[in-house]
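Chain and residue survey
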Amino acid sequence: MIVYKLIKTPKNYFVYDRNINKILNISKEEYQELDRLSKKEITEKEVSCLKKYRKYGYLKDSVVEKIIHPETRYIKHHLEHRVQFLILQVTQSCNLRCDYCTYSGSYNNRVHTGKNMSWELAKKSIDYLYTHSNEIEKVRISFYGGEPLLRFDLIKKCVEYVKETYPDRITNYGITTNGTLLSGEIAEFLINNHFSITISLDGSKKEHDANRKFVNGEGSFDTIINNIKEISKYNKDFINNIRFNTVLNPKSDYGAVRNYFDSEDVVCDAVVGLSLMEEINHKGDISFSREFINIRRYDYFLLLMAMVKKLKKEAIPKFMSEIKASIDIDYSTMEDSASLNKTWHHGGPCIAGAMRMFVNTDGVIYPCEKAVETSEAMKIGDMDKGTDSDRVSNLMNIGKISEKDCKNCWAINWCSMCALYAEKDGKLDPATKRKNCAKSLMEAQEKLLNICALKEFGYKFGKEEMYV
């Protein structure tokens, strides 16, 4: 059975060949033949172009017999020797009460508590990282909350412990903070220890303060901006070494947010990442307005035009640069692809507990900080017993709960769904996963269409000289 996806641009016709993960430029007549084949109006024997393409290895049968993640056989080895990234939930407390936060009570996940991680647990987790990463040159430790800087004492103690105990290991540090405590001694410590710092900032004062408030209801914008200004006075490079994370929710004025980061002197030199309010496990409906969607699409159009040198980079919002990088990465996945294995799995699931290991304040281990802490299915171990390889295997092989669909899916090489999108009421649920498949298919189709259109206009993937 051939598995493929037809793609049409205003000028050309293409077919995506799942078996070798490549896109072919075809004629209109060939497109029409393959379209009729997909609708079962004709048989393979009646498709005249197949013989020509099969001669060069294209459009051959694509058979997946079993859905198994290719790294399954190596799980235990990864967990014992190749743990890369430790995320410590140093506290579940926060000095803000953001309306859209996963701890806000609007999610079937978790809420703010007064729980803090003990030094004994943090030390045990750090030792576990280094003991189980002997094949890794660099490891990473990130601090998570709540607001992690409420436990600056613990963070400082952790970094000093690593320096004293593991001086020969290369360690990178990271933190995501609301920025309200980022001043004085704290800022100096993070800068001196080369922390990767992500600050949550949702745009202008009006946009930011609408959601990101202190416990007393006051907005946090002025505090954050004043902190950044003070730090920049004695460290001019600070703004170039941080990243702002902007969360857009249905009430956000997208145009105002975009204009703020493009024009405000305090933040215009920093990297800005944009994300939409998380839908997973939200108790209500998260629907963005048609106006919001249209402006987003227009910005995406501007990005594509800049990539094919029809516009200068000044014409696009700065936070579109991360999307440009993701398009190049998407294209790179098609390079040097062999035929599809008979045992395969879509690429969404990571090697949980190795690529990321999230330890919460109780010492329970989860795949990452986005995992549902109230879900039994998301627990992959604890710091007393370590990571459970069988539980990791279940999460990595999430495609098995929809195996029939995955075997025949044209987008198996492009699917980004992990177990988070299959979790419901503490279990891995096939119906929930299938419900999210539609969105994943749309995203995969859009990625392929973008690649075809960019190629059509002569874009050089992965090249820095993308702008005129």
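Description of the structure in this document. The shown structure was predicted, so the numbers you read here are calculated from the model rather than taken from an experiment.

Before going further, it helps to examine helix α14 (residues 430-456). The end-to-end C-alpha distance of α14 is 39 Å, a good match for the 39 Å that 27 residues give at a rise of 1.5 Å each. For α14, the principal kink sits at Cys-437 and spans about 30 degrees. Burial in α14 covers these residues: Thr-432, Lys-433, Ser-440, Ala-444, Leu-448, Asn-450, Ile-451, Cys-452 and Leu-454. One or two steps after α14, the chain reaches Gly-458, where phi turns positive at roughly 85 degrees.

A separate point is the packing of aromatic side chains. Under the defined criterion, the tally for this structure stands at 19 aromatic pairs. Their ring planes at 90 degrees and their centres at 5.5 Å tell us that Tyr-144 and Phe-358 sit as a pair that is edge-to-face. Taken as a pair, Tyr-144 in strand β6 (residues 138-144) and Phe-358 in strand β12 (residues 357-359) lie far apart in primary sequence, 214 residues in all. The exposure class of Phe-358 is buried, given its relative accessible area of 0%. An angle of 80 degrees between the planes, with centres 5.5 Å apart, marks the rings of Phe-152 and Phe-189 as edge-to-face. With Phe-152 in helix α5 (residues 152-165) and Phe-189 in helix α6 (residues 184-192), the pair connects residues that are 37 residues apart, well separated along the chain. The class of Phe-152 is buried, set by a relative accessible area of 10%. On the basis of relative accessibility, which here comes to 12%, the residue Phe-189 falls in the buried class. One aromatic cluster is present, formed by Phe-143, Phe-152, Tyr-173, Phe-189 and Phe-195 through successive ring pairs.

This part covers the side chain of His-346. Counting through the fold element by element, His-346 comes out in the loop between β11 (343-344) and β12. His-346 has contacts with Ile-398, Gly-399, Cys-406, Ile-412, Cys-415, Met-417 and Lys-433, leaving out every residue within four places of it along the chain.

Regular strands show a simple pattern: their side chains alternate between the two faces of the sheet. Of all 5 residues in strand β8 (residues 196-200), 4 are buried, a share of seventy percent or more. As paired strands, strand β7 (residues 170-177) and β8 are joined by 4 bridges and run parallel to one another. From the neighbouring strand, Gly-174 faces β8, where its bridge partner is Ser-196. Handedness of the β7-α6-β8 crossover: right-handed. Taken together, the 4 bridges between β8 and strand β9 (residues 242-248) define a ladder with parallel strand orientation.

Right, let's talk about the sheet that holds strand β2 (residues 13-17) for a bit. For sheets, the rule is that strands pair by backbone hydrogen bonds, running either parallel or antiparallel. What the 3 strands build is an open sheet, ordered β1-β2-β3; its pairing is antiparallel. The open sheet has two edge strands with one neighbour each: β1 (4-8) and β3 (22-26). The sheet shows a mean angle of 25 degrees between the axes of neighbouring strands, direction not considered. Where β2 and β3 come together, 5 bridges link them in antiparallel fashion. Paired with Tyr-13 across the bridge in β3 is Ile-26. Packing of helix α1 (residues 28-38) onto the sheet brings it into contact with β1, β2 and β3, and relative to β1 it is tilted by some 135 degrees. Most of the contacts of α14 go to β1, to which it runs at about 50 degrees, and overall it touches β1, β2 and β3.

The rules behind the values
Residue indices begin from 1 for each chain and proceed along its sequence in written order. Whole-chain, interface and lining totals are the exception, using all residues; otherwise, since this is a predicted model, local features are given only for residues with pLDDT of at least 70 and side-chain atom pairs are given and counted only at 80 or more. Side-chain metrics in this entry use all non-hydrogen atoms of the structure; hydrogen atoms and water are not considered. Each helix is a run of DSSP H or I of at least 4 residues and each strand a run of E of at least 2, with the numbering of both proceeding from the N terminus. Under the convention used throughout, the expected extent of a helix is 1.5 Å for every residue step, that is, one less than its residue count. Fitting axes to the seven residues ending at a residue and to the seven starting there, one defines the bend at that residue as the angle between these axes. Throughout this description, buried means an accessible area under 20% of the type-specific maximum (1.4 Å probe, protein chains only), exposed means over 50%, and partly exposed covers the range between. Classification of ring pairs rests on two measures: the distance between centres of Phe, Tyr or Trp rings, Trp counted by its six-membered ring, which must be within 6.5 Å, and the angle between planes, read as stacked under 30 degrees, edge-to-face over 60 and tilted in between. Any two residues whose heavy atoms approach within 4.5 Å are treated as being in contact. Strands pair, by our definition, only if DSSP identifies at least two bridges between them. Convention used here: a crossover is right-handed provided that the path from the first strand, over the helix, to the second strand proceeds clockwise when the strands point away from the viewer. Convention adopted: a line fitted to C-alpha atoms gives each axis, helices being fitted over their contacting stretch, and angles between N-to-C directions are expressed from 0 to 180 degrees.

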